[in-house]
Number of protein chains: 4
Amino acid sequence: MIQSDAKSGASGDTDDGGAAKPVRLLSRDQLGEIDEARRATTETRRVSVPALEDILYEPIPVLDRGFVRVIDYMGDDGAVVQAARVSYGKGTRKLREDEGLIRYLLRHRHTTPFEMCEIKFHVKLPIFVARQWIRHRTANVNEYSARYSILDNEFHVPAPRDLAAQSTGNRQGRGDVLTGAEAARALEILKGDAERAYQHYEELLNEREDGTVIDPDRHGLARELARMNLSLNFYTQWYWKVDLHNLMHFLSLRADPHAQYEIRVYADAMLDVLNRWVPATAKAFADYRMGGAQLSATGLAVVKRLLAGEDVARESTDLGPREWRELMATLGRDD
Amino acid sequence: MIQSDAKSGASGDTDDGGAAKPVRLLSRDQLGEIDEARRATTETRRVSVPALEDILYEPIPVLDRGFVRVIDYMGDDGAVVQAARVSYGKGTRKLREDEGLIRYLLRHRHTTPFEMCEIKFHVKLPIFVARQWIRHRTANVNEYSARYSILDNEFHVPAPRDLAAQSTGNRQGRGDVLTGAEAARALEILKGDAERAYQHYEELLNEREDGTVIDPDRHGLARELARMNLSLNFYTQWYWKVDLHNLMHFLSLRADPHAQYEIRVYADAMLDVLNRWVPATAKAFADYRMGGAQLSATGLAVVKRLLAGEDVARESTDLGPREWRELMATLGRDD
Amino acid sequence: MIQSDAKSGASGDTDDGGAAKPVRLLSRDQLGEIDEARRATTETRRVSVPALEDILYEPIPVLDRGFVRVIDYMGDDGAVVQAARVSYGKGTRKLREDEGLIRYLLRHRHTTPFEMCEIKFHVKLPIFVARQWIRHRTANVNEYSARYSILDNEFHVPAPRDLAAQSTGNRQGRGDVLTGAEAARALEILKGDAERAYQHYEELLNEREDGTVIDPDRHGLARELARMNLSLNFYTQWYWKVDLHNLMHFLSLRADPHAQYEIRVYADAMLDVLNRWVPATAKAFADYRMGGAQLSATGLAVVKRLLAGEDVARESTDLGPREWRELMATLGRDD
Amino acid sequence: MIQSDAKSGASGDTDDGGAAKPVRLLSRDQLGEIDEARRATTETRRVSVPALEDILYEPIPVLDRGFVRVIDYMGDDGAVVQAARVSYGKGTRKLREDEGLIRYLLRHRHTTPFEMCEIKFHVKLPIFVARQWIRHRTANVNEYSARYSILDNEFHVPAPRDLAAQSTGNRQGRGDVLTGAEAARALEILKGDAERAYQHYEELLNEREDGTVIDPDRHGLARELARMNLSLNFYTQWYWKVDLHNLMHFLSLRADPHAQYEIRVYADAMLDVLNRWVPATAKAFADYRMGGAQLSATGLAVVKRLLAGEDVARESTDLGPREWRELMATLGRDD
């Protein structure tokens, strides 16, 4: 179980500045389909992962109306070991040995055994997030088609605490959070424009969200055209399938502090899934990828001088001010 | 040279129902950069294609404000032959022999020699088109980043002749063109919403398109957030690089009558580029892929019965009504 | 169950011209590991396919000492439908509707829903077959490493009925089967050279297949070097994971009469697996890909003339003699 | 120019333990084709790289009979910058600014702009090296086909200085070089078996390397079968095309001390090509990838304790003996 909120389909409140109103994440029909899928179990000779079975099909809430659901998976930590050894059986010898091999593989970038595990997600996400996400090409995707179907009237509006100003130092970063009138006006614009866009989308289609016709004397614009009136904060959804190696690559880039907050929250939710699915791999990943550091040759030379007891000044190195700052931060000397 | 319009950067009129107004496709600075690039030539030992050099860097207008530009290329028809033979020289023996080999390779799906040629485009296209395009994963892409930069105030509005109604027979198709009041209202909505979206985008950023600050007492929302207010008809741009095999795959799907019109016009422009670049390959492609037909085993059995002089009724076959119609259309018997 | 031979691990005889001797395909230890894996079942909420579970982990014999084993799988026919609809539940409405959708997707080359299913094989195959196979890049592979480990003394020798002469008409094809003294000499060479190569491999390593040292006073050449003395008919093995779309692409090329016999027998074994795993998809695949025909524009024009009752002579068409022959064969008029 | 040896096609001697005999790397015809290709220059509007044009088409000798030749290329350092900025012109502002941007992109793993450059090689290499190489899937390959053609009588025999023993400490590594009688015997085996394999290959084919028939009364085994008698040290050749990002990934793994020597020499030759082609990228690559170090979270914690002046014992850390040794070596404290 994820949490009771998820089970009941309510995503809590959208933290929209006071008038907290519980939103229903999924319709009754959808919840019914999910419950039915969860209840139907079968026997299998394949490897299973109980901790992942626990949350199979359940929506993990992300942002105001998004979610991540695990739909299917193949393999576990043992499958990585099995493939690395090209063995005949299920591949697990002793837990400790297997963990050591997994650490070795990850440390030395022997990535192909991790490609032997696969996971499939159902994700609901704003279009501007989907556009970043899709740049990861080594995955399989089936997106809800707005050429065939009418999109739901669901759009993302940032919670007030996420209404960040443009950073002044970093061209692609965020600065402080907007407050007061400026924040209120921003929310007003984002909501107002999205609501109008959807009303006009229905008018263009000559059809309401529920499928009823608005004006029997009009034809309605083709769906593939009308969708162009929706803004980038509208939600779309897709099935996304990826192997374990490429999932970790995705997470190392998107669960990173440099990633945009709105995609990072999806990556964070998937990090939790990773821990349930392949705990030994997830632990090695946290050590070697997420928590580690890449030093350049120039940076490594500085570390060696520091270790030799030298009092190194930036000007005596080949590092620019920015790289120097980054190195000092990595070494915990950024006071 | 493509055409004088392209050279002067004017895309003609947007055919917006009367008030035709010439739009400048590119700024004076951009045209200057392109002219400079076109004037700078060097000597090379590499294979060159004069017909493609003629249009290098020039914008080929597509839709109301989009374009396709060829930025670079590698190889020609001879490079396909050279790779197929793994030869030491430039690979061309006799033109006729080479054409025969290219036809053979394409007919028998020996696709790897076509991967040995590469082409790079600069494309300006509406976001809803970009979202279809990006599903072709075997290509390299660098898109203009709205996290770093402010998007231009340029959005697509269909020409009146392209304002198609939803098809009644085909869930993802188009029907007749809207006319009269319904058409006028659709254009009014699309333009009005996009204009308002852009004004609000500037207000959210607290910055105008030209980079000037609107209100020095406000902070402005982060660019990565403000962009979510723009609608899917806004233009984005990217560098897109692809090999010849995957370009043909893209064209076979997107220059197809089933493709959405707004991406098909890009594919059509690139078909012209294909003819300039690799004429022998383009000819074989037209014969085997674009102009041919794939028959199913069931369909082939029907053709054999027809050839034997039988008067075949659909009910006597294993084809459903839809497949039967498609087959008859392929065979030119759809009267 | 595959067949009793497979279960007992005996691949029957190698049909080597008389002296039929049963060969043990797998060692007692390996069979034990497989049995253990087969006996361990768990409950899962995932979709399962009983017909595939039946043969899970079992070796399907191919060639004289090769095999294909299904190790794991994800999804079924319903998962294709589920992805195409981006639905919340398990995706199956009515069997007939689902089959219709699968046929539609395959006919119109909507390939992404088929990428949502995945299968993992353990394959034992001669190195010269592995070199063809690996050219399919959209798959995941872990091969047994001859840098770390010593290869088994197992090599492929063709059955006498497969000792084909070089084709005289087709540069890459096969002609009649060799017989008599020429056949006997060919087998003698292939066996003799492979046996000597393995003895010398052991001598170079200074280590026998069973791991015992030959001469304690020598060092033994590095494994990564000694392996270069083995010939291309030695067996290697790998884990090979692929999605359903790319598996069908592999099968359409390798279960084809133009494919080399020694890889085709692997593809044929996997076609049987396809039928167990996703019967509706396999049926549509047989109709649209394996049993159908691709007509060129030129070929289609000929078909139309024939259908109109014309007595078409090749000289009156744009088809060369070879393409004409191929077309007539396709139409069943090659008498 | 690479070196006069390369120009004359002679690879010097094979250093085979005394009987040094100059080998001709390429035939007179092949050298003629290369010279012709080098003499034919054209004018182009594309970006050119003079330092790379200097060696275009020329064979760079590798191992005893292998080579690497640059056949074509697309883009330069400026093209990386141009793509990162999605700019209209050729992309170079000021050299210093461009170098800074390239360093930034590489440091922050913004890899897509590097995919905008492409290079094509013609490589001649032993089959056992080709089998490692082909595991890099994000590249395009056309290999010489032994189904169609007869392979040359050329095989690799290690130089005596490369006859390494198996490492005792590292299961996949090399130890000391074999000497005396053991070395002589190893060379004798490798040469003798390869020579016999080729003679038998000709006998199986009933055809000599020069295309003449051996015995007009025999048929000859099909080429696709006869090749299985050749050993893994025979040379094959292919066209290999890759983008700059994936080339650097290949080089970071294969120009690494952990890579097998026989593939590393190819990677080293290509590192020289990288320096000619994209000097700014090559410099950043040397700093951030080849010369740098990846620290794990655990390793980084140790570095911080050392920098704080602590005298850290391995037992007080979470590092195993092997990782500890690797870390101390990285930090230059492995005395």
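Everything below is about the structure shown above.
In this text the structure is predicted, and so the values were computed from the model without any measurement.

Draft legend 1. Focus on the pairing of strand β4 (residues 118-126) of chain D. Residue and element names in this part refer to chain D. Most of β4 sits inside the fold, with 9 of its 9 residues counted as buried. Burial along β4 is two-sided: Glu118, Lys120, His122, Lys124 and Pro126 and Ile119, Phe121, Val123 and Leu125, pointing in opposite directions, are all buried. Both strand β3 (residues 66-74) and β4 contribute to a ladder of 7 bridges, which runs antiparallel. Of the residues in β4, the one forming a bridge with Arg69 is His122. Examined bridge by bridge, β4 and strand β8 (residues 235-243) share 9 bridges and lie antiparallel to one another. The residue bridging Glu118 from the neighbouring strand is Asp243, located in β8.

Draft legend 2. Quick look at the relation of the copies chain B and chain D. Mapping chain B onto chain D calls for a rotation angle of 180 degrees and an axial translation of 0.0 Å; the resulting RMSD is 0.0 Å. Considering both components of the superposition, the chain copies are consistent with a two-fold axis. Of the C-alpha atoms belonging to chain B, the one lying closest to the rotation axis is found on Glu43(B), 2.3 Å away. Mapped onto chain D, 100% of the interface residues of chain B are again interface residues, and the two copies thus contact each other with one and the same surface.

Draft legend 3. Quick peek at the interface of chain B and chain D. Listed per partner, the contact involves 57 residues of chain B and 57 residues of chain D. Around 5,200 Å² of area is buried between chain B and chain D when both sides are counted, 49% of it from carbon and sulfur atoms. On the chain B side of the contact with chain D, Arg45(B), Arg46(B) and Tyr88(B) bury the most area, a combined 21% of that side's loss. Our enumeration of links across chain B and chain D arrives at 4 salt bridges. Close ionic contact of Glu118(D) with Lys241(B) constitutes a salt bridge, the shortest N to O distance being 2.6 Å. Run the count over chain B and chain D and you get 34 residue pairs in polar contact (both at pLDDT 80 or more). Residue composition of the side of chain B that touches chain D, grouped by class: 26 nonpolar, 15 polar and 16 charged. Taken together, the 3 bridges between strand β1 (residues 42-44) of chain B and strand β1 (residues 42-44) of chain D define a ladder with antiparallel strand orientation. Each residue of the ladder has a partner; that of Glu43(B), found in β1(D), is Glu43(D).

Draft legend 4. Quick peek at the relation of the copies chain A and chain C. Rotating chain A by 180 degrees and translating it 0.0 Å along the rotation axis places it on chain C, where the RMSD comes to 0.0 Å. In this assembly the copies share their binding face: 100% of the residues contributing to the interface of chain A also contribute to that of chain C.

Draft legend 5. Inspection of the sheet that holds strand β5 (residues 140-143) of chain D at higher detail. Residue and element names in this part refer to chain D. Here we have 5 strands laid out as an open sheet, ordered β2-β3-β4-β8-β5, and antiparallel in their pairing. In this open sheet, the two edge strands, each paired with only one partner strand, are β2 (60-62) and β5. Taken pair by pair, the neighbouring strands of this sheet meet at an average axis angle of 25 degrees, ignoring direction.

Draft legend 6. Structural detail: helix α10 (residues 261-277) of chain C. For α10(C), spanning 17 residues, the distance from its first C-alpha to its last is 24 Å, which sits close to the expected 24 Å at 1.5 Å a residue. Among the residues of α10(C), Glu262(C), Ile263(C), Val265(C), Tyr266(C), Ala267(C), Ala269(C), Met270(C), Leu271(C), Val273(C), Leu274(C) and Trp277(C) are the ones counted as buried.

Draft legend 7. Geometry of the sheet that holds strand β3 (residues 66-74) of chain B. Residue and element names in this part refer to chain B. Taken together, the 5 strands give an open sheet; going across it, the order is β2-β3-β4-β8-β5, and neighbouring strands pair in antiparallel fashion. The sheet is open, and its two edges are formed by β2 (59-62) and β5 (140-143), each paired on a single side. Looking at each pair of strands side by side, their axes are set apart by 20 degrees on average, direction ignored. On the sheet, helix α10 (residues 261-277) packs against β2, β3, β4 (118-126) and β8 (235-243) and is oriented at approximately 155 degrees with respect to β4.

Draft legend 8. Examining the interface of chain A and chain C more closely. Between chain A and chain C, the contact holds 57 residues from the first and 57 residues from the second. Interface area, chain A with chain C, both sides summed: about 5,200 Å², of which 49% is carbon and sulfur. The largest per-residue losses of area from chain A upon contact with chain C belong to Arg45(A), Arg46(A) and Tyr88(A), which jointly make up 21% of the total buried on that side. At the surface where chain A touches chain C, the tally comes to 4 salt bridges. Between Glu53(A) and Arg46(C) there is a salt bridge, and its shortest N-O distance comes to 3.5 Å.

Reading the values: the criteria
- What you see as residue numbers is a count from 1 along each chain, following the sequence as written.
- Lettering for chains starts from A, numbering for ligands starts from 1, and both go in the order in which the items are written.
- This being a predicted model, a pLDDT of at least 70 is required before a residue's local features are given, and a value of 80 or more before pairs of side-chain atoms are given or counted; all residues contribute to the totals for chains, interfaces and linings.
- Only heavy atoms go into the side-chain values, all of them from the structure, while hydrogens and water stay out.
- Categorising residues by exposure relies on relative accessible area from a 1.4 Å probe, with only protein chains included: less than 20% of the type maximum marks a residue as buried, more than 50% marks it as exposed, and the intermediate range marks it as partly exposed.
- Strands here mean DSSP runs of E at least two residues long; helices mean DSSP runs of H or I at least four residues long; both are numbered from the N terminus.
- Only strands that DSSP links by at least two bridges are regarded as paired with each other.
- Residues below a pLDDT of 70 in either copy are left out; the C-alpha atoms of the rest, at least 70 in both, set the least-squares superposition of the copies.
- In this analysis, two residues are considered to be in contact whenever any of their non-hydrogen atoms come within 4.5 Å of each other.
- Once two parts are joined, some of their accessible surface, as seen by a 1.4 Å probe, is lost; buried area is that loss totalled over both.
- Salt bridge, as used here, is a side-chain nitrogen of Lys or Arg placed within 4 Å of a carboxyl oxygen of Asp or Glu.
- Any N or O atom pair separated by 3.5 Å or less is treated as a polar contact, with the protein-specific requirement of one donor-capable and one acceptor-capable atom, and with residues adjacent in sequence counted only for side-chain atom pairs.
- Residues were grouped as follows: Ala, Val, Leu, Ile, Met, Phe, Trp, Tyr, Cys and Pro as nonpolar; Asp, Glu, Lys and Arg as charged; and all remaining residues, including Gly, as polar.
- All axes here are fitted lines through C-alpha atoms, helices being fitted over the stretch that makes contact, and every angle between N-to-C directions spans 0 to 180 degrees.
- By this rule the span expected of a helix is its residue count minus one, scaled by 1.5 Å.

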